[in-house]
Amino acid sequence: HAHRQATAPTLAETDTVSPRTRRALLQRYVAQHYTLMSLLAFGILFVGYLLVDILERLEWFARHNATPTDALRFYAARIPLLASRIMPMSLLLATALTVSVLSFHRELIGMRASGISATRKLSCILVIASLIAPLSFVLNEYIVPRTNALADRLKETEIKDRSETGVLQKVVWYRAGSHVSQATQ
């Protein structure tokens, strides 16, 4: 006797996703890659920058007999400065990494073959970076100056054992030709 063979419905028959939703899926896919690469680039650059800064100051900490707590408090106040310096680099690196990974997996070619322009497929990168730019501005204009002042105060009062209420120092500037010298009393 003959068996009726059930055929699976084709993709076109079961596709209930609208073209607009597909575009949003593509944008979300690229945005997820970019966000992941941004976090990865920021983390790696931050750790590298922090380690270099610590290594440069180790001798200084040792010379002034700073405790580990003093060093930790000093670097807790310096974190916003370090973050503000690497934020633009991490966004640029994340853009390059995202495009490279998509290109390596031939996804950019697939998007182009589907008729999606390069501008449209990578526009979410620009949107994410433009959302981060105001945060960078706020960090540089409001947070970094305050935390740098705190780090300087910690450096002068706790690490170098100088008090803020101590004797006022007189600062003298002397200019000789193109050289400027500073002396304190």
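Above this text you will find the structure in question.
These remarks concern the structure in this document.

A look at the pairing of strand β2 (residues 179–184)
- As paired strands, strand β1 (residues 171–176) and β2 are joined by six bridges and run antiparallel to one another. Its bridge partner being in β2, Arg 175 is matched across the sheet by Val 180.
- Remark: two residues form the turn of the hairpin made by β1 and β2, two consecutive strands paired antiparallel; Gly 177 in that turn has positive phi of roughly 70 degrees.

A word on the pattern of salt bridges
- All told, the structure shown has four salt bridges when counted by the stated rule.
- For Glu 158, the salt bridge goes to Arg 73, with nearest N and O atoms at 2.5 Å. Here Glu 158, found in helix α5 (residues 118–159), pairs with Arg 73, found in helix α3 (residues 68–104); they are 85 residues apart in sequence, far enough to count as distant.
- Counted as one network, the salt bridges with shared partners bring together Asp 53, Arg 57 and Arg 78.

Description of the nonpolar core
- One finds Leu 26, Val 30, Tyr 34 and Met 111 to be the most contacted residues of the largest nonpolar core, which totals 14 residues.
- Mapped by element, the contributors of at least two residues to this core are α2 (19–63), α3, α4 (107–113) and α5.
- Counting residues per element, this core draws most heavily on α2, at five residues.
- Discounting residues that sit within four places of it in the chain, Val 30 has contacts with Thr 98, Leu 102, Met 111, Lys 121, Leu 122, Cys 124 and Ile 125.

Concerning the side chain of Ser 84
- With respect to the secondary-structure elements, Ser 84 resides in helix α3.
- A polar contact is formed between the side chain of Ser 84 and the backbone oxygen of Leu 81, at a distance of 2.8 Å.
- The contact partners of Ser 84, leaving out residues within four places of it in the chain, are Leu 139, Asn 140 and Val 144.

With respect to a nonpolar patch on the surface
- On the surface, Phe 137, Val 138, Tyr 142 and Ile 143 cluster together to form a nonpolar patch covering roughly 380 Å² of accessible area.
- Relative to the helices and strands, Ile 143 is located in helix α5.

A closer look at unusual backbone geometry
- At Asn 65, a position not held by glycine, the phi torsion is positive, near 50 degrees.
- Checked against the element boundaries, Asn 65 lands in the loop between α2 and α3.
- On the basis of relative accessible area, Asn 65 is assigned to the exposed category, the value being 65%.
- At Arg 106, a position not held by glycine, the phi torsion is positive, near 60 degrees.
- The residue Arg 106 is located in the loop between α3 and α4 in this model.
- Classification of Arg 106 as exposed rests on a relative accessible area of 55%.

Reading the values: rules and limits
- Residues numbered from 1 in each chain as written.
- Predicted model: local features only at pLDDT ≥ 70, side-chain atom pairs only at ≥ 80, totals over all residues.
- Heavy atoms only, no water.
- Pairing = 2+ DSSP bridges.
- Helix = DSSP H or I, 4+ residues; strand = E, 2+ residues; numbered from the N terminus.
- Salt bridge = Lys/Arg side-chain N within 4 Å of Asp/Glu carboxyl O.
- Core = buried A, V, L, I, M, F, W, Y, C linked by side-chain atoms within 4.5 Å.
- Buried < 20%, exposed > 50% of the residue type's maximum accessible area, 1.4 Å probe, protein only.
- Contact = heavy atoms within 4.5 Å.
- Polar contact = N/O pair within 3.5 Å; in protein donor to acceptor, adjacent residues only side chain to side chain.
- Patch = residues over 30% accessible without salt bridge, like charges linked within 9 Å, V, L, I, M, F, W, Y side chains within 5 Å.
- Areas by Shrake-Rupley, 256 points an atom, 1.4 Å probe, with all protein chains shown as cover.

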